[in-house]
Amino acid sequence: DLVSVFLRGRHCPAMSKFLEGYVRFLQRAKLLVLVGWAVVFVGLGWFGARKLMGLTHNAFDPPPGTPSALALDKMNADFKGFDINATDLVFVQAPDGSQVFDHDLLLNITQATSTYLSDRLDADLFRQLSVSGFYSANVSGPAAAAAAFVNPSNTSSFLSLQYPKADTQQYGLAFQDLGTHLSQCCSSSAEFVGVGGTAVGVVETIQSATKSIERMDQISLPIAFVVLALSLHSIRLLILPFFTLLIGVVVAFGIMGLLAQAGLSVSSATPPVMMAMLLAVSIDYALFLLTRFKEETEAGVELAPALEKMLASSGHTVVASGSTLAFCFVALLFFPVQLMQSIGAGVIISIVSAIVVNMTFIPAGLLACPRFFSDFSYWGCGCCVRRREATREDAEPLASTPSKQFEETFWFRFALFATSRSALILTLAIVVVGGAVGGVVVSRFSKSMDTMLLSPRDSSNTETTNKLTKSFSPGLTGPYELLLEPAQGGSVYEDRFWTEAGWLIGNVSGLFTGDSKQTGKITSVVNSYNLKSQQELSPMALPLAQFLDPTLHDASLCASLPAGDQPACQKFATSKNCEDLKPLETPLGQPGLADGCQVFQAEAARTMTGDRGALYASLAPADVPGSQPAVEWSKTCRTYLEGDGAKLTSVKAYLSGVTPEVTDAIDGIYSRLPGILGATMGICLVLVGIMTRSVAFAFGSVLLVAWTMVVVFALGVGIYQDGMFGSHAPAQLANTGGIAWIVPALTFTVILGLGLDYDIFLLGRVCEYRCEGYDDRAAFAYGVAKTGPVITSAGIIMAIAFSGLMLSDIPMLNQFSMLQVVAVLLDTFFIRSLATPAVHTPLRGLNWWPRKVPPVSKGATALGSVEVAGLQSYPDA
């Protein structure tokens, strides 16, 4: 059956026949296979892989059905094309003791910005770009509107760059270059000038992700191959893993590139995670295969049978463990956020690519150059020498012939300890203490919802945003939209709606705390148009709003004026030209009415529907969009709207914006996390049980992986939430206020998959020995000893691969890397080498239920004097 095919290799007739046919096919078509991969490499590299990074993004889409998704749909329905534009800012700060108007600093920067972007962007992109600031507002509107672009002390100012979201990356590259240009041309007259916002942030995140991949290639890859060389003791065999890794990377990145071109949303965090996974599993799988091939070849087995045994044993491990690992990442596809789905799809494609490439390219390469790759003299650096002849073509597997010399190695002596009662006591002590302490620490776990952890630290976008917050509301780069609709339909100029809308906006402004009280901004046609005092939101009288509205020509207000002022009033009611209001400012008791009219009409055109059936207010608290304080404020605001705000009878309110969308996306992930985690672990338990035909192995593997998760996340809480390394910790291990929200959901799949990966490899070898007739403890001892060097090398390689992400400038990738490295090392040096054999050895026959194993024909006395001293000391019951 299939289980026998997986676990017993050549002893299964169906598998034996299949492998013989596969090897014969490769013997005939080896060059075709190699050339085929070369063609695929070039094709996918050119049409897919090279384009992938340019197609990534770091945008959030709210899960369907969430409040922010509903609000966004409402906004797009009421305001056609609302969601097509985004805004970045140019921030300028004057030197100490001067103002931005001195020496025409602000004017020069405004002109330099327009001139540079007109040259940098093509005509169509520049035409769609809107640049606004103090001078443009001063020309087109009242001085009060222009004053909004300058801080009260006139020491800093900003320009607004509004652009279509569809071309974010092209604008981001141009804005990034603009920042460099302004810094160079204006550095002598400005204290600081920089560009920040969504577009610049996207470009810098993509560039940081690309640098992360380059650093892994430059540092992690060479170290991993050094470890691989030390494991294989052959320089020549390194050629095959090098090409399988190279082909696997191009194939996986190429497929993702094609999918991105077809419309798949690919996060900028996906390629670095794919690269780390490819580097880890591709080299590991090559190590599994080539180690077994080398063992069989050195034992004198001919090439074809050696390949069959390599594929039947290590090939089984590669396919079984790789499939289990890929399945774990299927869980990410069920989270309602494209970011998670993108990473899940990318990693699944990477794992499948690594499996297929290794299972085809390596045997084809070995068959193409058999003498070259079979020469292990002088680490494969010597001249080709003829291998010693096999004693018989179909030699018994190595599981049947452990030598006495092998029983004297470090790994065998360690295996004796790992299967002893002392090891069991030590393991239980570590598991109990570690689990108890870890459980207490993890109970204090608090995820950080700060999306800045997904952006590179010390980037120009971060620096610009930090400086902007000292003079203006950082919320300007991602304001909230508070959409207000008449509950019963109709016009916003109905008296009851207008009154409740003003009351609601005033109460929302009361939710501003801290710096938001000073620098936060609320803009609404319902409130006063006096921009000089933006926090004093006095409601605008409904008759005055109707009078100023350019779509209405009701002159009823004029009847309340003296007869001499009515002609001027009638003239404005017809023309709606704000300049016609200047003669009426005194009679109406509204100084600055003409300027205020311009502000009102501009805001009405922007924030009211053409039929006046809905309006929205812009809210910009003094919090960086997507940051932890912004998330907390958005939740506070939403709680109010769903509580007291929902009691209003004439107004329906919806809160949209970057931060609410991010909040709903994160809440959507964590609402599903327990169910997805439980289902994934349950299915993995069943899969391991099927593969091993053992209930004990299945439960033991999953429970030990769960223990690993508790310990690893406890360490993560200690580092990133409690700041256990203090204020002098390196940036990669600094306190970030908690583990980034994406890390737990992403990490548990990797820990689960990789933990089971090595367990399957170990237990597969144990099953081989038990099926050869060895008793339970002997099977575990030989299994641990035989797989020890390979799994240890594989674990070190995988830890090196994931440690490459510690070199990234993105905090989230640093956290993911740290947790993965700890989990891999813990699994390699404790779970696989000590805990698994220590826990399972005393279970004896219960390990194999419900499968049937052959009677014991080999035991302690058959293993030599070393084992007699060691194995026989373990009690029978």
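Definitions and limits used
- Residues numbered from 1 in each chain as written.
- Predicted model: local features only at pLDDT ≥ 70, side-chain atom pairs only at ≥ 80, totals over all residues.
- Heavy atoms only, no water.
- Core = buried A, V, L, I, M, F, W, Y, C linked by side-chain atoms within 4.5 Å.
- Buried < 20%, exposed > 50% of the residue type's maximum accessible area, 1.4 Å probe, protein only.
- Contact = heavy atoms within 4.5 Å.
- Axes fitted to C-alpha atoms, helices over the stretch in contact; angles between N-to-C directions.
- Helix = DSSP H or I, 4+ residues; strand = E, 2+ residues; numbered from the N terminus.
- Parallel < 35°, antiparallel > 145°, perpendicular 65-115°, else oblique.
- Nonpolar A, V, L, I, M, F, W, Y, C, P; charged D, E, K, R; others polar.
- Pairing = 2+ DSSP bridges.

**Some details on the nonpolar core**
Moving on, step 1. By size, the foremost hydrophobic cluster in this structure holds 168 residues, and its most contacted members are Phe-329, Leu-366 and Phe-802.
Moving on, step 2. Each residue touching Phe-802, except ones within four places of it in the same chain, is listed here: Ala-276, Met-277, Ala-280, Val-750, Leu-754, Phe-816, Ser-817, Gln-820, Val-821 and Val-824.
Moving on, step 3. Phe-497, Cys-569, Leu-584 and Leu-655 belong to the second largest nonpolar core, which has 45 residues in total.

**Observations regarding the packing of helix α11 (residues 270-298) against helix α26 (residues 742-771)**
Pairs of packed helices are described in terms of their axes, by the angle between the two and the distance that separates them.
Moving on, step 1. Where α11 meets α26, the closest approach of the two axes is 13 Å, and the angle between their N-to-C directions is 5 degrees. Judged by the angle between their axes, α11 and α26 are roughly parallel. Here Met-277, Asp-284, Tyr-285, Phe-288, Arg-292 and Glu-295 of α11 lie close against α26, whose contacting residues are Val-750, Asp-757, Tyr-758, Phe-761, Arg-765 and Glu-768.
Moving on, step 2. Here the residues of the contact of α11 with α26 are counted per class, giving six nonpolar, no polar and six charged.

**Here we look at the side chain of Thr-291**
Moving on, step 1. As for its position among the elements, Thr-291 is in helix α11.
Moving on, step 2. Not counting the four nearest positions on each side in its chain, Thr-291 is found in contact with Leu-232 and Val-790.

**A word on unusual backbone geometry**
Moving on, step 1. The residue after Trp-849, namely Pro-850, is reached through a cis peptide bond having omega 10 degrees.
Moving on, step 2. By the element assignment, Pro-850 lies in the loop between α28 (811-840) and α29 (865-871).
Moving on, step 3. Although it is not a glycine, Arg-693 sits at a positive phi angle of roughly 50 degrees.
Moving on, step 4. Looking at where Arg-693 falls in the secondary structure, it is placed in the loop between α24 (658-692) and α25 (695-721).
Moving on, step 5. You will see that Arg-844, though not glycine, has its phi angle at about 50 degrees, which is positive.
Moving on, step 6. Inspection of the secondary structure puts Arg-844 in the loop between α28 and α29.

**Quick word on the sheet that holds strand β3 (residues 156-164)**
Moving on, step 1. Reading across the sheet, the four strands line up as β2-β3-β1-β4 and stay open at both edges, with antiparallel pairing between neighbours. In this open sheet, the two edge strands, each paired with only one partner strand, are β2 (130-132) and β4 (192-197). Going from strand to strand, the sheet's axes swing by 15 degrees on average, the running direction of each strand aside.

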